[in-house]
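For reference, the chains in residue letters:
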Amino acid sequence: MRNRVEWRDAKVAAIRQVAEDVRRIDFAVEGQVPSFDPGSHSNFRVSINGGTTNRTYTVLPAASGHIAVAVKLHPQSRGGSRFMWGLEQGQAVRLTLPENRFELNWRAGHYLLLAGGIGITPIYGMARALAARGASLRMVYAARSRGLMAFVDELHDHLGDRLTLCDNSQGQHIDLDAEFAALPADAECYLCGPIGMLEAAKAAWAAAGRPISRLRYEVFGDSGLFAEQTFTVDVLNRDISVSVPPDQTLLEALVGAGVDMIYDCQRGECGLCAVSVLEAGSEIDHRDVFLGAEEKAEGHKMCSCVSRLNGGRAVIDVGYRP
Ligand code: FES
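The paragraphs below set out a description of the structure included in this document. Quick caveat, the model's predicted, so the values are computed rather than measured. (Residues numbered from 1 in each chain as written. Predicted model: local features only at pLDDT ≥ 70, side-chain atom pairs only at ≥ 80, totals over all residues. Heavy atoms only, no water.)

1. Thoughts on the overall build of the chain
Item 1. For the chain, the count of helices and strands is 7 helices and 19 strands.
Item 2. Over its C-alpha trace the chain gives a radius of gyration of 20 Å, about what one expects of a compact globule, namely 20 Å for 322 residues.
Item 3. Referenced to the eigenvectors of the C-alpha coordinate spread, the extents of the chain come out at roughly 60 × 50 × 40 Å.
Item 4. The buried share among the 322 residues of the chain stands at 50%.
Item 5. Contacts in the chain between residues at least 24 apart in sequence constitute 67% of all its contacts with a sequence separation of at least 6.
Item 6. Carbon together with sulfur atoms contributes 47% to the accessible area of the chain, which is approximately 14500 Å² in total.
Item 7. Counting 33 positive and 39 negative side-chain charges, the chain places the centres of these two groups 5 Å from one another. (Helix = DSSP H or I, 4+ residues; strand = E, 2+ residues; numbered from the N terminus. Rg over C-alpha atoms; globule rule 2.2 N^0.38 Å. Buried < 20%, exposed > 50% of the residue type's maximum accessible area, 1.4 Å probe, protein only. Contact = heavy atoms within 4.5 Å. Areas by Shrake-Rupley, 256 points an atom, 1.4 Å probe, with all protein chains shown as cover. Lys, Arg positive; Asp, Glu negative; His and termini not counted. Charge placed at Lys NZ, Arg CZ, Asp CG, Glu CD.)

Encoded structure:
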């Protein structure tokens, strides 16, 4: 695991469509690329609306000296996926060497890997690494349709009948209760998918009487209960009202309006960007994995980097005192 963020120059080496809405992009990186574990991430400097910011993507298994990512083009893209899809062969980019925040424990007796949609990106690398080590594993991969599934042929090559696909358009869904009931006691489950899938898995995992430490997960921050809508926040003690359009996060809008914010992961994991919600005229669409279920239900806090309001207006407190 790397602890220090190290930026490097790189060039787009290859672009390949791997699903209807997913492109794999391989980058040739200047200098040596240290080996990295499956589940690792790299940051990319992206240009959006004339400015630059960073976006984080899970890295895939790649050739030596390369870093590869799979990017889904989001209909409500905040600009990151549009930028990445606009890259051309040979184009220069800045990226960081991979760091791991979704670590695989190599010592489990059995592994259940669950992927939902673009959640395949870390799970794909884990499946290949575990299969290469001869680990006992099963993988279930769900998506809205077969055409939206990436890397299926490669996964079949590595896993054979240990891979099950669930094509939602054919009425196929992951039977979490059955999957968890079939696991041996020393099994671990690794899951990456939308927040709804994670919440359902957490509930089924607890109902199966399994220790929460053996359910390891990551979600993608754009997976909420509601479609993105414009909402407005009034910042307590600051004469500032911020309108947050669908293609922007609350954190970005606050920073853009000159509000001092503390933040780090921008993935709904660390909780540093959480703001207090004093009044809300609509439901909070919690998209983080930092707040607990009770805190989310209370609706007094939200992680501004990923969570949104389902329209309307709210008064928030960012901790500023005159
Ligand atoms: S910056 Fe980490 S949860 Fe928002």
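Moving on, there is more to tell.
2. Structural notes on the pattern of salt bridges
Item 1. By the definition in use, this model includes 13 salt bridges.
Item 2. Taking the shortest distance from any N to any O, the salt bridge between Glu218 and Arg267 comes out at 3.1 Å. Here Arg267 lies in the loop between α6 (250-256) and β15 (274-280) and Glu218 lies in strand β12 (residues 215-219), a separation of 49 residues in the sequence.
Item 3. The class of Arg267 is buried, set by a relative accessible area of 13%.
Item 4. Beyond isolated ion pairs, a larger network of salt bridges with shared partners links Glu218, Arg267 and Glu269. (Salt bridge = Lys/Arg side-chain N within 4 Å of Asp/Glu carboxyl O.)

3. Description of the nonpolar core
Item 1. Tyr111, Leu113, Ile120, Met139, Tyr141, Phe151 and Leu155 are the most contacted members of the largest nonpolar core, which has 36 residues in total.
Item 2. Those elements that place two or more of their residues in this core are β1 (7-19), β5 (66-72), β8 (110-116), α2 (120-132), β9 (137-143), α3 (152-159) and β11 (187-193).
Item 3. With 7 residues, α2 is the single largest residue contributor to this core.
Item 4. Both domains that meet at this core, namely domain 1 (7-100) and domain 2 (110-219), each give it at least three residues. (Core = buried A, V, L, I, M, F, W, Y, C linked by side-chain atoms within 4.5 Å. Domains from an automatic or database assignment.)

4. Notes on helix α5 (residues 195-207)
Item 1. Taking 1.5 Å per residue, 13 residues should reach 18 Å; α5 reaches 18 Å between its end C-alpha atoms and fits that length.
Item 2. Here the buried face of α5 lies against β8, α4 (176-181), β11, β12 and α7 (293-298).
Item 3. Remark: Gly209 follows α5 within two positions and exhibits a positive phi of approximately 75 degrees. (Expected span 1.5 Å × (residues − 1).)

5. Describing the packing of α2 against α3
Item 1. The N-to-C vectors of α2 and α3 enclose an angle of 25 degrees; their axes lie 9 Å apart at closest approach. Regarding the angle of α2 to α3, the classification is roughly parallel. Between α2 and α3 the crossing geometry is left-handed. The residues of α3 that touch α2, namely those facing Ile120, Tyr124, Ala127, Arg128 and Ala131, are Glu154, Leu155, His158 and Leu159.
Item 2. Per-class residue counts for the contact of α2 with α3 are 6 nonpolar, 1 polar and 2 charged. (Axes fitted to C-alpha atoms, helices over the stretch in contact; angles between N-to-C directions. Parallel < 35°, antiparallel > 145°, perpendicular 65-115°, else oblique. Left-handed = near helix turned anticlockwise from the far one by under 90°. Nonpolar A, V, L, I, M, F, W, Y, C, P; charged D, E, K, R; others polar.)

6. A closer look at the sheet that holds strand β10 (residues 163-167)
Item 1. Taken in spatial order, the 5 strands line up as β10-β9-β8-β11-β12 in an open sheet, and their pairing is parallel. At either margin of the open sheet sits one strand with a lone partner, and together these are β10 and β12. Strand-to-strand twist in this sheet, taken as the mean axis angle between neighbours without regard to direction, amounts to 10 degrees.
Item 2. Judged from the 6 bridges that link them, β8 and β9 form a sheet pairing that is parallel. Of the residues in β9, the one forming a bridge with Leu113 is Met139. (Pairing = 2+ DSSP bridges.)

7. Side note on α3
Item 1. Among all positions of α3, only Val152, Leu155 and Leu159 are buried. Axial view of α3: buried residues confined to an arc of 60 degrees, hence all on one face. Of the exposed residues in α3, the ones pointing more than 90 degrees away from its buried face are Asp153 and Asp157.
Item 2. Looking at the packing, one finds that the buried side of α3 touches α2, β9 and β10.
Item 3. Positive backbone phi, approximately 60 degrees, marks Gly160, located one or two places after α3. (Arc of directions from axis to C-beta.)

8. Points about the packing of aromatic side chains
Item 1. According to the stated counting rule, one finds 6 aromatic pairs in the structure shown.
Item 2. Measuring from centroid to centroid gives 5.0 Å for Phe27 and Phe44, while their planes differ by 50 degrees, and the two rings are tilted. Remark: Phe44 occurs in strand β3 (residues 40-48) and Phe27 occurs in strand β2 (residues 22-29); sequence separation between them is 17 residues. We note that Phe27, like Phe44, is buried.
Item 3. Seen from their ring centres, Tyr111 and Tyr190 are 6.1 Å apart, and the 40 degrees between their planes marks the pair as tilted. Here Tyr190 lies in strand β11 and Tyr111 lies in strand β8, a separation of 79 residues in the sequence. In terms of burial, Tyr111 and Tyr190 fall into one category: buried. (Phe/Tyr/Trp six-rings, centres within 6.5 Å; stacked < 30°, edge-to-face > 60°.)

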